[in-house]
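Listed below are the residues making up each chain.
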Amino acid sequence: MSLLNFSTLLEVETCNQKDDQVNVESNSTLSVNMGIEWNGIDCEFSDWLYIPNLNLSRDYLPPELEIHLPGLKKGDQIHHHYAAGELVERWHSNLLLTIKMTQFKPFVKGLEPITPVLGRFYPKDFFDGVPDIYEGNKFPCRIISMKGNELVLDLNHPLARKAITVNLQIESIKKAAAERDCRCTNIPALICDHGPGMQDELEQDTTDFKHGSPFSRLDERPDKVYFEQPQMTPYWDKLALQIVSYHYQQLIPIKSNILDLMAGVHSPIQQVVCDSKSVSCAGLNLQELESNPVCTKNIQLDVNTTQPLPFINEEFDIVLIHAAIEYVIHPEHLMTEIGRILKPGGKIIISFSNRSEGEKCISLWANAQEFERPGIVLSYLRSVRCFSAFKSYSHRGNLHPEQDALANKLLHSDPVYLVTAIKN
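Residues numbered from 1 in each chain as written. Predicted model: local features only at pLDDT ≥ 70, side-chain atom pairs only at ≥ 80, totals over all residues. Heavy atoms only, no water.

Draft legend 1. A look at the state of the cysteines. Counted by the stated rule, this structure contains one disulfide. Two residues share a disulfide in this structure: Cys281 and Cys295, whose sulfurs sit 2.1 Å from each other. Residues Cys281 and Cys295 share a disulfide whose torsion about the S-S bond is about -95°; that sign makes it left-handed. Here Cys281, found in strand S10 (residues 278-283), pairs with Cys295, found in the loop between helix H6 (286-290) and strand S11 (297-300); they are 14 residues apart in sequence, far enough to count as distant. The same class applies to Cys281 and to Cys295, which are both buried. Of all cysteine sulfurs, the one in Cys386 lies closest to Cys43, which takes part in no disulfide; the gap is 16 Å. On the accessibility criterion, Cys43 (3% relative accessible area) is buried. Of all cysteine sulfurs, the one in Cys192 lies closest to Cys141, which takes part in no disulfide; the gap is 18 Å. (Disulfide = S-S within 2.5 Å. Helix = DSSP H or I, 4+ residues; strand = E, 2+ residues; numbered from the N terminus. Buried < 20%, exposed > 50% of the residue type's maximum accessible area, 1.4 Å probe, protein only.)

Take a look at the structure:
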């Protein structure tokens, strides 16, 4: 999935970031989008972060990237490929530790006890008596094996064995301001150390996303009752919606028959010029669907049953699920049905963020770390064995546009995650 140009996508994002300099100089401060691309077990991953102030005279940027910056202009891009272990610490076998199950001692106390699960990630300080782990160390580690009363803990960086391509796109160029904070930011750590790598499957086993009661919810009333009152305002902020719209524009062919599943009033498809044959919108609330301007057909539908979807085999070229996958309680059934109604070569595009209706969000989603959630969605798709060409995209750190209703309440725009696949 390619990087979008934010300066052309949404002018309000950068309207107050006037460039003081036309070209990058050695002491410039840049706002940039930085991304890493890497290959997982069966999925291509692309993870992006917006960095509003990269000070070239202070912050650490690998020299093989920094050397190419002087003279570049706004919108220019640079790329560099790193072998495994070059950008993050190299994988070490001595960081695979066999410990007793009794050493799992999470500090977090919730409604349900936290238990160790195969393939899942936990803060390192959840494990007691492990050398070099101190209280307060929240860096993630993974349980890669569980046998009897023992488990094997992988303390390596989640990307330690991955070759990584780094991409940098310049959004604005400013003169370095007077220093108030002399702390140096490690840019590779900033883009790599806060989740990327956690989305991938185990190399020699299957991550256990079915432990306990993964599809239980705080409010078990029928969804039709809970969502009876129409929600007429967008749940996501404007910038996050436009990022998804951009990817829809790239991924949806012209003359497609599109199904917007679990739809409402607002959908990223509304900002897309795709010359579609049809856009069928299926959701719980008919009043919401009737107010959706792009729907050519409205279907009141609750996907949280085990009934077949009311569509014929191979009816659609595209199926969209936006801001709703976290509420699905029969994901394998739903993915089987989507596989049935998609044409061969058709795409499924699933988008989500880090906010949801807490009462209706499944416990698996609520208790997962943010970057484990793309892995959950990928596990749904793998379970029915009719999808391939998996891709996962994320973009974090964007600032709220000033015109957005939440601009005075939240610094950052909603993070965006997309998972896509093609029907075999």
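Draft legend 2. Representation of the pairing of strand S1 (residues 28-39) in the model. The buried fraction of S1 amounts to 10 of the 12 residues, a majority that puts the element mostly inside the structure. Pairing analysis gives 10 bridges linking S1 to strand S8 (residues 164-175), with the strands arranged antiparallel. Bridge pairing links Val32 to Ile170 in S8. Bridge analysis of S1 against strand S2 (residues 43-55) gives 10 bridges, and the strand direction is antiparallel. Of the residues in S2, the one forming a bridge with Leu30 is Leu54. Hairpin remark: S1 followed by S2, antiparallel, with three residues in the connecting loop. (Pairing = 2+ DSSP bridges.)

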